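If you want the building blocks of each chain, they are given just below.
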Amino acid sequence: MTSQAPKESWNSRLGIILAVAGSAVGLGNFLRFPGLAAQYGGGAFMIAYLVALCLIGLPICWAEWAIGRAGGQRGFNSCPGILGIITGKRKFRYLGVIGVIIPVVIYMYYVYIEAWCLGYALNFASGNMKFDTVDKATNFWMTFIGIAEDGAAVGFGWQQVGGFLLFVFALNFFLIYRGISKGIELFCRYAMPTLLVLAVIILIRVLTLGTPDYTHPGRSVSNGLGYMWNPTKMVLFEKTAEPSAGKETWTALPDGEVVGKTMIAAAKAKAADDPNLELRSLNMFNQLSNPQLWLAAAGQIFFSLSVGFGVIITYSSYLKKNDDVVLSGLAATSTNELCEVGLGGLITLPAGVAFLGVAGVAGMGTFDLGFRVLPMIFSEMWGGQFFGFAFFFLLFLAAVTSSLSMLQPGIAFLEEAMKINRKQSVAILGFVTAMGCAFVVYFSKDVKALDTIDFWINNLFMVTLALVEIIIFGWIIGTDEGFKLAHRGAAIRIPNFFKFVMKYVSPAFLIIIFGSWFYSQVLGFSFTDEGRNYSSYIVDLFIEPNKTAWYSVGLITLTAGFLLLLTAGGAFSKQSKPKKEEQ
């Protein structure tokens, strides 16, 4: 195929930066990130997170920007087309299909969660979210999303998710139908600043909470910040005897972590009075020796930055030949990190500790913090009705900017593979994702369908695509040629030491992450003992088969099969060998 300009393009550098930042800034920033930080103890998780950002986040981000722009200049905007034309190898077209499977399948359940956020925002605005306990907030959430039984989510009342889902689904496809500049870019130009303003307002309110209940001095914002950022932890251990083994062991208490001078002093006194208790300090290295912590940190980088996702490579393909990808990539990444660490990390977790204490939030996951704990906290907070509405409307805006980015790779792929126009591609993708979304919504019991799809897509597909992309950049194109591609029109240069990182360190890091995940989550081996404990996802498929889990894997397989069949023909079959870029 001869070189040609992209069919569509961004109107400005700010537009592409806000769009890419919008694709990254989503529920992961304000819910998933604080949830993982709570689960893995805060400070040590932050260190692993920053290491993963430097070794895989930024390198893969720059590689995707450079590869995407080069592919766009050769006339392709989809991941299969771009990887095929850049490498000149047919097999990479099929590997590139992963960059369509990921966003399309994730959209099927992400838009469902997006509807939760809008529903919560409007219910807060109407005064329906008055809870004085976590249990009441939990009951509302379970009823709203139909967690009790399959089919229970299919409802259209004010306190049911159905109507909100139809609205957000239609909104996404209306905006994506308008195209790159008039749809995605225009929406992100207004949504991203609005999101940031709302986040700053909520952050100020959270940081001024102090100690809401003086009868519980350990429940304070300062202790929440300490829990979030301090890499050293103070934990109460309990001595337990094992008569059959003839030995004693020390086990950390489930609510044993203490933060702040008052709580530490009380824990010391408690341990002094009870010989079966001991207060221990877990330093940073103790915690970083946990492979699961590293897996969680790396996974968050993928999910948060949208690397290995198929989005950045598609978005950057609409850039012009000399548009800056180095500074734009860094700016988009920095905006995401500001929202995630500087806003999301300072809002959700400190607020939870201020009202529930460290024990109340330690180990909680994404949904628990976001839809069980925070609604109760806003109910108890002065001005809670407004701040609750503002927070969940913020989540809704963040979710829309992300879900839009999930649709564009599918649109670009269908246009190229089937040689159709945008109207036709929107109709086909709308039908496919509507069927997938209906599946997720119907099988709502215990959010089994959503959880199963999320597990396999995020852990298996995203790491695989990221590994393929960084190998193409570092080994097939070569780092020298790759840096030339990246630096065309660049205002700043990528530091040279990243050549070594992108060729050796990033691929090795990804292989270790994938191997560790397969060893622990699929094979069921433990990093800490000799036991073998299969994850619930493997149990659901092979040990105690669960029909919803099998249907969910089947949905992924059917979607992948459909996309692979389209890849076998269409415009991809006319790809020529890649040409070297003129410098």
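Here is what the cut-offs are and how they apply
Numbering of residues begins from 1 in every chain and follows the order in which that chain's sequence is written. A pLDDT threshold of at least 70 governs which residues receive local features in this predicted model, and a stricter bar of 80 or more applies before side-chain atom pairs are shown or counted, although totals over entire chains, interfaces and linings include all residues. Hydrogens and waters are ignored; side-chain quantities use all the structure's heavy atoms. Working definition: helices are DSSP H or I runs of at least four residues, strands are E runs of at least two. Numbering for both runs from the N terminus. Both definitions apply: the radius of gyration is a C-alpha atom measure, and the globule rule equals 2.2 Å times residues to the power 0.38. Three exposure classes are used, based on accessible area relative to the maximum for each residue type with a 1.4 Å probe and protein chains only: buried under 20%, partly exposed in between, and exposed over 50%. By definition, residues are in contact when any of their heavy atoms lie within 4.5 Å. For cavity detection a 1 Å grid was placed over the protein atoms alone, and a set of points counts as a cavity when a 1.4 Å probe fits there but cannot get out; an open set counts as a pocket when protein lies on both sides within 12 Å along at least five of seven lines, with lining residues being those that have an atom within 4 Å of a point. Grid points are joined across faces, edges and corners, and a volume is the space filled by probe spheres set on the points. Three categories are distinguished: nonpolar for Ala, Val, Leu, Ile, Met, Phe, Trp, Tyr, Cys and Pro, charged for Asp, Glu, Lys and Arg, and polar for the others, with Gly belonging to the last. Each residue after the first adds 1.5 Å to the expected span of a helix. Residues adjacent in sequence count toward polar contacts only when both atoms are side-chain atoms; beyond that, a polar contact is any pair of N or O atoms within 3.5 Å, and within protein one must be able to donate a hydrogen and the other to accept it. The definition of a nonpolar core used throughout is a set of buried Ala, Val, Leu, Ile, Met, Phe, Trp, Tyr and Cys residues joined through side-chain atoms within 4.5 Å. Arc definition: directions from the helix axis to the C-beta atoms. Each salt bridge in this description consists of a side-chain nitrogen of Lys or Arg and a carboxyl oxygen of Asp or Glu lying within 4 Å of one another.

### A few points about the overall build of the protein chain
- In terms of helices and strands, the protein chain carries 22 helices and three strands.
- A compact globule built from 583 residues should have a C-alpha radius of gyration of about 25 Å, and the protein chain, at 24 Å, falls within 12% of that.
- Referenced to the eigenvectors of the C-alpha coordinate spread, the extents of the protein chain come out at roughly 80 × 50 × 50 Å.
- By residue count, 58% of the 583 residues in the protein chain fall in the buried class.

### Points about the side chain of Thr-452
- Along the chain, Thr-452 falls in helix α19 (residues 448-487).
- For Thr-452, a relative accessible area of 3% corresponds to the buried category.
- If we skip the residues at most four places from it in the chain, Thr-452 touches Tyr-537, Ala-549, Ser-552 and Val-553.

### What to know about the layout of surface pockets
- Considered as a void within the structure, the largest pocket measures approximately 1200 Å³ in volume.
- Lining the largest pocket are 41 residues, with Arg-32, Leu-36, Asp-451, Asp-454 and Tyr-537 positioned closest to its centre.
- Elements represented by at least two residues in the lining of the largest pocket include exactly α2 (27-39), α6 (98-125), α13 (291-305), α16 (366-380), α19, α20 (497-522) and α21 (536-543).
- Top contributing element to the lining of the largest pocket by residue count: α19, with eight residues.
- Classifying every residue of the lining of the largest pocket by side-chain character gives 24 nonpolar, 13 polar and four charged.

### Things to note about helix α18 (residues 422-442)
- Taking 1.5 Å of rise per residue, the 21 residues of α18 would be expected to cover 30 Å, and the 29 Å separating its terminal C-alpha atoms lies within 8% of that figure.
- All of the buried residues in α18 are Arg-422, Ser-425, Val-426, Leu-429, Gly-430, Thr-433, Gly-436, Cys-437, Phe-439, Val-440 and Val-441.
- On its buried face, α18 is in contact with α6, α8 (162-177), α9 (179-207), α17 (384-418), α19 and α22 (547-567).
- Two or three places before Lys-423, at the start of α18, stands the capping residue Asn-421, its side-chain oxygen 3.2 Å from that residue's backbone nitrogen.

### Quick word on unusual backbone geometry
- Even without being glycine, Ser-306 reaches a positive phi, approximately 65°.
- Here Ser-306 is to be found in the loop between α13 and α14 (312-315).
- By relative accessible area, which is 1% here, Ser-306 ends up buried.
- Positive phi values are uncommon outside glycine, yet Val-447 reaches one of about 45°.
- Positionally, Val-447 belongs in the loop between α18 and α19.

### Details of the nonpolar core
- Grouped together as the largest cluster of nonpolar side chains are 204 residues, with contacts concentrated most on Phe-30, Phe-45, Ile-56, Trp-116, Phe-371 and Phe-391.
- Sorting elements by how many residues they give to this core places α6 first, with 21 residues.
- Setting aside chain neighbours within four positions, we find Trp-116 in contact with Trp-141, Phe-144, Ile-145, Val-161, Phe-367, Phe-371, Val-447 and Leu-450.
- Within the second largest apolar cluster, six residues are counted, among which are Leu-236, Val-258, Ala-267 and Leu-279.

### Topic: helix α7 (residues 134-145)
- Here α7 contains 12 residues, and its C-alpha end-to-end distance of 17 Å stays within 8% of the 16 Å for a straight helix at 1.5 Å per residue.
- Residues Val-134, Ala-137, Thr-138, Phe-140, Trp-141, Phe-144 and Ile-145 constitute the buried set of α7. On an axial view of α7, the arc spanned by its buried residues comes to 160°, and they lie on one face. What points out from α7, more than 90 degrees from its buried face, is the exposed set Asp-135 and Thr-143.
- Looking at the packing, one finds that the buried side of α7 touches α6, α8, α15 (326-361) and α16.
- A positive backbone phi angle near 70° is found at Gly-146, which sits one or two residues after α7.

### Structural notes on the environment of Ile-347
- Looking at the secondary structure, you find Ile-347 in helix α15.
- Along the sequence, Ile-347 and Ile-202 sit 145 residues apart, while their C-alpha atoms lie 7.3 Å from each other.
- Excluding residues within four positions of it along the chain, Ile-347 makes contact with Ala-199, Ile-202, Leu-203, Val-206 and Phe-391.

### Side note on the environment of Asn-230
- Mapping Asn-230 onto the fold places it in the loop between α10 (221-229) and β1 (233-242).
- Linking Asn-230 and Gly-42, residues 188 residues apart in sequence, is a C-alpha distance of 6.9 Å.
- Setting aside residues up to four positions removed in sequence, Asn-230 forms contacts with Gly-41 and Gly-43.

### Points about the environment of Phe-473
- Structurally, Phe-473 is set in helix α19.
- When its relative accessible area of 1% is taken as the criterion, Phe-473 is described as buried.
- Residues Phe-473 and Met-502 lie 29 residues apart in sequence; the distance between their C-alpha atoms is 7.9 Å.
- Apart from residues no more than four positions distant in its own chain, Phe-473 is found in contact with Ala-63, Ala-66, Ile-67, Gly-478, Thr-479, Gly-482, Phe-483 and Met-502.

### Some thoughts on the pattern of salt bridges
- Taken as a whole and assessed by the stated rule, the structure comprises six salt bridges.
- Here Arg-189 and Glu-185 are joined by a salt bridge, their closest N and O atoms 3.7 Å apart. With Arg-189 and Glu-185 both in helix α9 and four residues apart, the pair spans about one turn of that helix.
- For Asp-480, the salt bridge goes to Lys-499, with nearest N and O atoms at 3.0 Å. A residue pair is termed long-range when its members are at least 10 positions apart, and Asp-480 in helix α19 and Lys-499 in helix α20 qualify at 19 residues.

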